[in-house]
Amino acid sequence: MEVSINLWVLTIVGLAALIAVDFFIGRKPHDVSVKEAGIWTVVWIALAGLFGLGLFLFGGGQPAGEFFAGFITEKSLSVDNLFVFVLIMAKFAVPTQYQQRVLLVGVLIALVLRAVFIAAGAAILASFSWVFFLFGAFLIWTAWKLIQEARSGGDEEEFEENKLLRAAERRFGVADRYHGTKLWIQQNGKRVMTPMLVVMLAIGTTDVLFALDSIPAIFGLTQDPYIVFTANAFALMGLRQLYFLIGGLLKKLVHLSYGLSVILGFIGVKLVLHALHESGVHVPEISIPVSLGVICAVLVVTTVTSLLATRKQAATEEVREEQGDAAHKDRADV
């Protein structure tokens, strides 16, 4: 799809305006209710839907299909990010009234860094088509790694600060407590970071690690930088509200890693087939409608099986508790 400079500028200005509105609404620290999070989650998804509809009306079915496939993929991968965000919030003991500000700025940092990744990825793919082989192989390897982590209970690991974050803490120092929403304070005659700034950097820079698989994944669905960027933007900008909406439900999505591994593996195979086709080898390519259907089907199956598994586990634990209470009562009677 041909995208003019004017459309790029208009899109970036529009997204910046939406971010400004989101910041204005959440500027006052407060505990985000499930109702508030639910309303704004619907709003962000609706905005993504309207944008996709606009692509369909002005660009046709191909770019619209690529956008929706990319958006759903990035959204599902971002849900996996929430597991780590929960660990980060717990590690830094972020007060609940400040968590929405942390996520807003952290996600904004992540969006800027992803834009750099997308620009670099688009330039590399435009110059070297063989990179599709590398992206495809990397996604297949990531899918296998996800399965191994899921089987070993890898989601329960503690968050570890990355090297960039540790270097910033050593260089500038960190205050011993939160000072409202302030990012810097004067302490003992020295300007130091507050824990608020540290946790924002943790959210933003940690997301870069997730971008290492999500960016190649969406390039497996479309090579249009405009669609890649906008799909990432809409997926990330609703992440803050999604955190508060389903934060308590994350533990119930026990099969999410398996579903994501299937999606990444599928897109990896799609990339390899595309690379072979570009190299002159006559192999079938996977269309966007098929990709969209597979992604949606995997997410639906993963969600249903996860809820069934957690319900079964809860019922089993309830039976065990009842049996334990009965045994304790019998001993007391004796």
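Summarised in this report is the structure supplied together with it. (Residues numbered from 1 in each chain as written. Predicted model: local features only at pLDDT ≥ 70, side-chain atom pairs only at ≥ 80, totals over all residues. Heavy atoms only, no water.)

It is worth spelling out the overall build of the protein chain at this point. Within the protein chain, the secondary structure is distributed over eleven helices and two strands. Ordering the α and β elements of the protein chain from the N terminus gives α-α-α-α-α-α-β-β-α-α-α-α-α. Out of the 334 residues in the protein chain, the part that is buried amounts to 44%. Restricting the contact set of the protein chain to residue pairs at least 6 apart, pairs at least 24 apart contribute 79%. For the protein chain, the accessible surface area stands at approximately 17,500 Å², while carbon and sulfur atoms represent 65% of it. (Helix = DSSP H or I, 4+ residues; strand = E, 2+ residues; numbered from the N terminus. Buried < 20%, exposed > 50% of the residue type's maximum accessible area, 1.4 Å probe, protein only. Contact = heavy atoms within 4.5 Å. Areas by Shrake-Rupley, 256 points an atom, 1.4 Å probe, with all protein chains shown as cover.)

Let's shift gears to helix α9 (residues 239-246). Most of α9 is tucked away: seven of the eight residues are buried. Residues of α9 that are buried include every one of Leu239, Arg240, Gln241, Leu242, Tyr243, Phe244 and Ile246, and no others.

Taken together, the four bridges between strand β1 (residues 184-187) and strand β2 (residues 190-193) define a ladder with antiparallel strand orientation. Counterpart to Ile185 in the pairing with β2 is Val192. Hairpin connection from β1 to β2: two residues lie between these consecutive antiparallel strands, with Asn188 at a positive phi of about 55 degrees. (Pairing = 2+ DSSP bridges.)

Further remarks concern the pattern of salt bridges. In the structure shown here, the tally under the stated rule is one salt bridge. Two residues, Arg114 and Glu74, come together in a salt bridge whose shortest N-O distance is 3.1 Å. Taken as a pair, Arg114 in helix α4 (residues 99-127) and Glu74 in helix α3 (residues 61-91) lie far apart in primary sequence, 40 residues in all. For the pair Arg114 and Glu74, one class covers both residues: buried. (Salt bridge = Lys/Arg side-chain N within 4 Å of Asp/Glu carboxyl O.)

This next bit is on a nonpolar patch on the surface. On the surface, Leu50, Leu53, Phe56, Leu57 and Phe58 cluster together into a nonpolar patch covering about 620 Å² of accessible area. Relative to the elements of secondary structure, Phe58 occurs in helix α2 (residues 34-59). (Patch = residues over 30% accessible without salt bridge, like charges linked within 9 Å, V, L, I, M, F, W, Y side chains within 5 Å.)

Any functional reading would require information that these geometric values do not contain.
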